[in-house]
Amino acid sequence: MKNLKKTVIATVIFAFVGFTMTAQNGNSFGIKGGLNYSANGDYFESIGANAESPDRNIGYHIGLFGKIGNKFYLKPELVYTATRSEYSSDEFSVQKIDAPILVGVKVLGPVSVFAGPSLQYILDTEFEGIDIDNVEEDFSVGLNFGIGLSFNNIGIDLRYERGFTENEATFIDNNLGSGVVSRVDTRPDQLILSLSLAL
């Protein structure tokens, strides 16, 4: 399974690098990073327990982007993201690779709006020191939409992301007691603030 993950990640990276090198003529590619204000879905301690909603927390992301077009543009990205959510005294963290494929349009001067799907691959999940191996789906799909400002080779954007794919992590024998099955929804719900630099 680990070898399969490495192969998939390497394939996506090589495809993205090749794409951005091709797109460099008359367009741009570069680096980006920023903060994620996020929460995952409800946490269920057992089948009969009430769901507990998470508190939002600050995470981060860093990655690459390519851009094709000017007034109307296509903007693929490849980003490493780390987020965490708190449920009372417990913390659930997620590390993943995001690959948004955005379509945008300039609406007024440096201002543009954009939207598109985000392909997500979960690298690792952890709940207060307990490794969670059985996330239902490593691959999931979400939606990004937002607004951006661009000044020469520097850009800033604010977007909202919501996961579409129902996806849960299940774990047992934690601090709740032996045999108690718990579940947490891994779908992201986040505001993302990014700063980008075209190279």
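Structure's up top.
Residues numbered from 1 in each chain as written. Predicted model: local features only at pLDDT ≥ 70, side-chain atom pairs only at ≥ 80, totals over all residues. Heavy atoms only, no water.

A. Looking closely at the packing of aromatic side chains. Summed over all chains, the structure comprises 3 aromatic pairs. Taken together, a centroid distance of 4.5 Å and an interplanar angle of 45 degrees make the contact between Tyr121 and Phe139 tilted. Note that Tyr121 is positioned in strand β6 (residues 111–127) and Phe139 in strand β8 (residues 139–151), a separation of 18 residues in sequence. Arranged with centres 5.7 Å apart and planes meeting at 55 degrees, the rings of Phe145 and Tyr160 form a pair that is tilted. Linking Phe145 in strand β8 with Tyr160 in strand β9 (residues 154–163), this pair joins segments that are 15 residues apart in sequence. For Lys67, the ring lying beneath its charged end belongs to Tyr73, and the centroid distance is 4.5 Å. (Phe/Tyr/Trp six-rings, centres within 6.5 Å; stacked < 30°, edge-to-face > 60°. Helix = DSSP H or I, 4+ residues; strand = E, 2+ residues; numbered from the N terminus. Lys NZ or Arg CZ within 6 Å of the ring centre and 35° of its normal.)

B. A look at the side chain of Lys75. Tracing the backbone through its elements, the reader meets Lys75 in strand β4 (residues 72–87). For Lys75, a relative accessible area of 12% gives the class buried. Setting aside residues up to four positions removed in sequence, Lys75 forms contacts with Phe65, Gly66, Lys67, Pro100, Ile101, Leu102 and Asp157. (Buried < 20%, exposed > 50% of the residue type's maximum accessible area, 1.4 Å probe, protein only. Contact = heavy atoms within 4.5 Å.)

C. Representation of the nonpolar core in the model. If you look at the biggest cluster of nonpolar residues, it comprises 5 residues: Tyr87, Phe92, Val94, Ile122 and Phe127. Counting residues per element, the ones that place at least two in this core are β5 (90–108) and β6. (Core = buried A, V, L, I, M, F, W, Y, C linked by side-chain atoms within 4.5 Å.)

D. How the structure looks around the environment of Ala198. With respect to the secondary-structure elements, Ala198 resides in strand β12 (residues 189–198). Since its relative accessible area comes to 19%, Ala198 is described here as buried. C-alpha of Ala198 to C-alpha of Asn152: the two residues are 46 residues apart in sequence and 8.5 Å apart in space. Once you skip the residues sitting within four places of it in the chain, Ala198 turns out to touch Ser28, Phe29, Gly30, Phe65 and Asn153.

E. Just the pattern of salt bridges, in detail. Summed over the entire model, instances satisfying the criterion amount to 7 salt bridges. Linking Glu77 and Lys32 is a salt bridge whose minimum nitrogen-to-oxygen distance equals 3.2 Å. In this pair, Glu77 sits in strand β4 while Lys32 sits in strand β1 (residues 28–39), placing the two residues 45 residues apart along the sequence. Residue Glu77 shares its accessibility class with Lys32, and that shared class is buried. The closest approach of N and O atoms between Lys75 and Glu77, which form a salt bridge, is 3.8 Å. (Salt bridge = Lys/Arg side-chain N within 4 Å of Asp/Glu carboxyl O.)

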